[in-house]
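Below, each chain spelled out in residue letters.
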Amino acid sequence: MVDSHLQQITIISIIVCTFNIKYTISNITESRQILLSMILLSLMVAILASVRPEETPDTLAYYYIYSKSASFLDMNDMIIKLGERYQGIEVFYIVLMGTMKEIGFSFRNELLFFAFTNSFLVQYSSYCLGKECFGGNPNFNKIAALFLSLFAYHYSCIAIRAGFSIGMGMMGIVFLIRSGIHNKLVGVLILYIACLSHSMAILFML
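Quick summary incoming for the structure in this document. Just so it is clear, the model here is predicted, and its values are computed rather than measured. (Residues numbered from 1 in each chain as written. Predicted model: local features only at pLDDT ≥ 70, side-chain atom pairs only at ≥ 80, totals over all residues. Heavy atoms only, no water.)

Quick word on the nonpolar core
Here's step 1: Tyr 93, Met 97, Phe 114, Phe 147, Phe 164 and Met 168 are the most contacted members of the largest nonpolar core, which totals 52 residues.
Here's step 2: Among the elements of the structure, helix H2 (30–50), helix H3 (59–68), helix H5 (91–103), helix H6 (107–134), helix H7 (140–158), helix H8 (160–177) and helix H9 (181–197) are those that each provide at least two residues to this core.
Here's step 3: Among all residues touching Phe 147, those that are not within four sequence positions of it are Leu 41, Val 45, Ser 119, Val 122, Gln 123, Ala 152 and Ser 156. (Core = buried A, V, L, I, M, F, W, Y, C linked by side-chain atoms within 4.5 Å. Buried < 20%, exposed > 50% of the residue type's maximum accessible area, 1.4 Å probe, protein only. Helix = DSSP H or I, 4+ residues; strand = E, 2+ residues; numbered from the N terminus. Contact = heavy atoms within 4.5 Å.)

A few points about the layout of surface pockets
Here's step 1: Each pocket or cavity is described by its volume, and for the second largest pocket that value is around 260 Å³.
Here's step 2: Contributing to the lining of the second largest pocket are Val 122, Ser 126, Lys 142, Ile 143, Leu 146, Phe 147, Leu 150, Phe 151, Tyr 155, Ile 166, Met 170 and Phe 204.
Here's step 3: At the level of elements, H6, H7 and H8 are the ones that each hand at least two residues to the lining of the second largest pocket. (1 Å grid on protein atoms, 1.4 Å probe; cavity = no way out; pocket = protein on both sides within 12 Å on 5 of 7 lines; lining within 4 Å. Points joined across faces, edges and corners; volume = space filled by probe spheres on them.)

Some words on the packing of H6 against H8
Here's step 1: At a minimum axis distance of 8 Å, the contact between H6 and H8 shows a crossing angle of 30°. Comparing the axis directions of H6 and H8 gives the class roughly parallel. Here the hand of the crossing between H6 and H8 comes out left-handed.
Here's step 2: When grouped by side-chain class, the residues that make up the contact of H6 with H8 number 16 nonpolar, six polar and one charged. (Axes fitted to C-alpha atoms, helices over the stretch in contact; angles between N-to-C directions. Parallel < 35°, antiparallel > 145°, perpendicular 65-115°, else oblique. Left-handed = near helix turned anticlockwise from the far one by under 90°. Nonpolar A, V, L, I, M, F, W, Y, C, P; charged D, E, K, R; others polar.)

Considerations on the packing of aromatic side chains
Here's step 1: The final tally for this structure, using the stated rule, is twelve aromatic pairs.
Here's step 2: Seen in terms of ring centroids, Tyr 63 and Tyr 66 are 6.1 Å apart; in terms of plane orientation they differ by 35°. Their pairing is tilted. Highlighted residues: Tyr 63 and Tyr 66, both in helix H3, separated by three residues, approximately one helical turn.
Here's step 3: With a centroid separation of 6.4 Å and an interplanar angle of 65°, the aromatic rings of Tyr 93 and Phe 164 are classed as edge-to-face. Here Phe 164 lies in helix H8 and Tyr 93 lies in helix H5, a separation of 71 residues in the sequence. Neither Tyr 93 nor Phe 164 differs from the other in exposure class; each is buried.
Here's step 4: Put simply, the rings of Tyr 62, Tyr 93, Phe 105, Phe 113, Phe 114 and Phe 164 touch in pairs and so form one group of aromatic residues.
Here's step 5: One residue, Lys 101, lies across the ring of Tyr 66, its end atom 5.4 Å from the ring centre.
Here's step 6: The cationic tip of Arg 178 hangs over the ring face of Phe 175; the distance from NZ or CZ to the ring centre is 5.3 Å. (Phe/Tyr/Trp six-rings, centres within 6.5 Å; stacked < 30°, edge-to-face > 60°. Lys NZ or Arg CZ within 6 Å of the ring centre and 35° of its normal.)

Re the side chain of Ser 197
Here's step 1: Within the secondary structure layout, Ser 197 lies in helix H9.
Here's step 2: A distance of 2.8 Å separates a polar side-chain atom of Ser 197 from the backbone oxygen of Ile 193.
Here's step 3: Here Ser 197 is in contact with Glu 90, Phe 92, Tyr 93, Arg 161, Phe 164 and Ser 165, once residues within four sequence places are set aside. (Polar contact = N/O pair within 3.5 Å; in protein donor to acceptor, adjacent residues only side chain to side chain.)

Thoughts on the environment of Ile 173
Here's step 1: Its location among the elements puts Ile 173 in helix H8.
Here's step 2: In this structure, the C-alpha to C-alpha distance between Ile 173 and Ile 190, residues 17 residues apart in sequence, is 8.6 Å.
Here's step 3: Leaving out residues up to four positions away in the same chain, Ile 173 has contacts with Leu 129, Leu 191 and Phe 204.

The following block contains the structure:
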């Protein structure tokens, strides 16, 4: 069911991109309309991810991580060590998952959170990179079509840890290419967090 829905959304998105179909909301700037579109699309993907059946690849593996995860308070200084693992998982992701569990997030709620975060970070950072490099507002239809075709299903609904690290890595690059030492430092911090979340971030940056 999830496969079918995402395939339909991808096809629709590509059609919208091809014909450059746009909608306009009165009294809202184009930038805010694009932001709203990203939020709605991310929420749609997140809902599909949160109801993924148990037979979907990695679902049981993520539930095992969720059941064994520990919070930040339990990890002491381990969080600052690059390459450190806990229960065989990169340390930042598993303690973030554990902290959310302690707060009261259920397993399905965490799937919803990470799928939304992954989806939004990739779309928003793509938008920001386009704006920083080329100026003006990038075409959201093209961003959405590329996101749904290349990223949405796998990295928001299956390989969630890798998707989280890629999204964080892209956001880190956005800050790095902006002027100002503050932005550079924030970019380095975000990239470090991305690397602590999954080794895919290192490959992605290279």
